[in-house]
Amino acid sequence: ILSRAAEEEKIAPAYMFSGTRGVGKTSIARILAKAINCIQGPAAEPCNECEYCSRITQGVSLDVYEIDGASHTGVDNVRKLNEEVGYAPIELRYKVIIIDEAHMLSKPAFNALLKTLEEPPPHVTFVLATTEPHKFPATIVSRCQHYVFKRVPKQELEDFLFQVLNRQEQDFDQSAVSVLAKKGGGSVRDSLSLLSQIMALGEGKLTVEKVREVLGIAGHELMYELVQSIGQRDCLRIVELTRSLLNAGLDLGFFLQEFTNVWRNMFILKQSGEKAQEVLEMPEEEAQDWLQISEQFPLSYIHAAWQMTLEGQKNVMFSLEPGLAMELLFLNISYLSDLIPVQNFNTV
């Protein structure tokens, strides 16, 4: 849609790009600014080689403003901006105002911006990038073309990281990149930041063990042993494993997300068998392990454990004693069939 609008020079007065962090909102805003101002354009895609494209890329164009909404929340900042947009562009076809984290603007600032959006100059377009679109006044939203940016699928993130690593001539294991993409949570920026953190070690081949060690992620073996201990009701081993998790400084939030996925994967594998492996996108050896251990549990037990872990994540993360809260969660799952429903207690 944006490519066609740029090519046909049907530019809206304002655009609103919303979505989670690191999915390309500000990057697309810059590309749009280049497409409508490119010397070879307006075009569906900028050439990225002309003088105007180069200046926008370098952030030195006099007609493309990038403003951080978090540090320009006041009404005076917006009033000054409104004065600037009244003047014709100095060198480009359009002035492009990119406001990052625009939801941080104050109510008076939004009101001041509204006047410009209601009667915009023909040579100006605004791009409001935000991670929290619900904080925008309805009057602002109604005057913008709203585009929602989705999280990048895990496979696309992996392919992108493969390209980066190949360009860097870095030797790597595919499973290590898979863990990185999963930890990135659909954010390209987060994934690149994690990759840079690991590559900064400069220790040769990128392995899954190194990735898990640096990022504080529990390995398959630890997860497997924990589920096995829960099935055997080995309280002492559960306590020891919980202590190991805490002592290792692992990311408890991400660990619980992975632990929830373990029960989900076991449920689907127990229901569908080996044919579910392709849907679950896991290595064959790992799928066989979870399929084998799922035989120790009834399907209803796995379903209940999945639900308890999912609901227990918040309790652990917001607890004053997250270690004890997580230990209690594991023990509750272990003794799930023996737990007495609250409604069975006699009221006094």
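Sequence order as written defines the numbering, with residues in each chain counted from 1. The predicted nature of this model means local features are confined to residues of pLDDT at least 70 and side-chain atom pairs, given and counted, to a pLDDT of 80 or more, with totals for whole chains, interfaces and linings taken over all residues. Calculation of side-chain values draws on the structure's entire complement of heavy atoms; hydrogens and water are dropped beforehand.

Draft legend 1. Quick look at the overall build of the protein. Counting its secondary structure elements, the protein contains 17 helices and 5 strands. Over its C-alpha atoms the protein spans a radius of gyration of 26 Å, topping by over 25% the 20 Å that the globule rule assigns to 348 residues. Referenced to the eigenvectors of the C-alpha coordinate spread, the extents of the protein come out at roughly 75 × 65 × 35 Å. For each residue, the accessible area found with a 1.4 Å probe, counting protein chains only, is set against the maximum for its type, and the residue is called buried under 20%, exposed over 50%, and partly exposed in between. The buried share among the 348 residues of the protein stands at 45%. The contact criterion used is simple: two residues touch if any of their non-hydrogen atoms lie within 4.5 Å. For the protein, long-range pairs separated by at least 24 residues make up 74% of all intrachain contacts whose partners lie at least 6 apart in sequence. As presented, the protein carries roughly 18,800 Å² of accessible surface, and 50% of it is formed by carbon and sulfur atoms. Positive residues here are Lys and Arg, negative ones are Asp and Glu, while His and the chain termini are left out of the count. Think of each charge as sitting on NZ of Lys, CZ of Arg, CG of Asp or CD of Glu. Within the protein, the 46 negative side-chain charges are centred at a point lying 6 Å from the centre of the 32 positive side-chain charges. Secondary structure elements are defined from DSSP: runs of H or I of at least 4 residues count as helices, runs of E of at least 2 residues count as strands, and each element is numbered from the N terminus. Each radius of gyration reported is based on C-alpha atoms, and the globular scaling rule is 2.2 Å times the count of residues to the power 0.38. Method for areas: the Shrake-Rupley scheme with a 1.4 Å probe, in which residue coverage is limited to the protein chains shown.

Draft legend 2. Highlighting the sheet that holds strand β5 (residues 145-149). Only strands that DSSP links by at least two bridges are regarded as paired with each other. With parallel pairing, 5 strands are arranged side by side in an open sheet as β2-β3-β4-β1-β5. The open sheet terminates on both sides in strands that have one partner only, identified here as β2 (64-68) and β5. Sheet twist, expressed as the mean angle between neighbouring strand axes with direction ignored, is 15 degrees. The strands that helix α2 (residues 25-37) touches are β1 (14-19), β2, β3 (95-100), β4 (124-130) and β5; relative to β3, the one it contacts most, it runs at about 180 degrees. Axis definition: a line fitted to C-alpha atoms, over the contacting stretch in the case of helices. Angles run 0 to 180 degrees between N-to-C directions.

Draft legend 3. Fine view of the side chain of Thr-116. Turning to its location among the elements, Thr-116 is positioned in helix α5 (residues 107-118). Its relative accessible area of 10% is what places Thr-116 among the buried residues. Filtering out sequence-adjacent residues up to four positions away, Thr-116 remains in contact with Asn-82, Val-85, Pro-121 and Phe-126.

Draft legend 4. Summary view of the environment of Lys-25. By the element assignment, Lys-25 lies in helix α2. Each C-alpha atom of the pair Lys-25 and Glu-311 lies 32 Å from the other, and the pair is 286 residues apart in sequence. Look past the residues within four positions of Lys-25 in its chain and what remains in contact with it is Phe-17, Ser-18, Gly-19, Thr-20, Ala-129, Thr-130, Thr-131 and Phe-149. Pairs of N or O atoms within 3.5 Å make up the polar contacts considered here, provided that, within protein, one atom can donate a hydrogen while the other can accept it, and that residues adjacent in sequence are counted only when both atoms are side-chain atoms. Within the structure, the side chain of Lys-25 is placed 3.2 Å from the backbone oxygen of Gly-19, a separation counted as a polar contact.

Draft legend 5. Focus on the pairing of β4. Across the 7 residues of β4, 7 count as buried, placing the element largely inside the fold. Taking every second residue as pointing to the same face, both faces of β4 are buried, with Val-124, Phe-126, Leu-128 and Thr-130 on one and Thr-125, Val-127 and Ala-129 on the other. Pairing analysis gives 5 bridges linking β1 to β4, with the strands arranged parallel. By the bridge assignment, Met-16 is partnered in β4 with Leu-128. Strand direction decides the pairing type here: β3 and β4, joined by 5 bridges, are parallel. Its bridge partner being in β4, Ile-97 is matched across the sheet by Phe-126. Convention used here: a crossover is right-handed provided that the path from the first strand, over the helix, to the second strand proceeds clockwise when the strands point away from the viewer. One crossover worth recording links β3 to the parallel β4 by way of α5, and it is right-handed.

Draft legend 6. Just the pattern of salt bridges, in detail. Salt bridges are defined as contacts in which a side-chain nitrogen from Lys or Arg sits within 4 Å of a carboxyl oxygen from Asp or Glu. One pass over the full model with this rule turns up 11 salt bridges. In this structure, Arg-21 and Asp-190 form a salt bridge, with 2.7 Å as the shortest nitrogen-oxygen distance. Residue Arg-21 is found in the loop between β1 and α2, and its partner Asp-190 is found in helix α9 (residues 188-199); the two are separated by 169 residues along the sequence. Residue Arg-21 is classed as partly exposed on the basis of its relative accessible area of 44%. We note a salt bridge from Arg-55 to Glu-51, for which the minimum N-O separation is 2.4 Å. Of the two residues, Arg-55 and Glu-51 both sit in helix α3 (residues 51-58), 4 residues apart, roughly one turn of that helix. On the accessibility criterion, Arg-55 (27% relative accessible area) is partly exposed. Beyond isolated ion pairs, a larger network of salt bridges with shared partners links Glu-51, Arg-55 and Glu-91.

As far as function goes, none of this settles anything; it's purely spatial.
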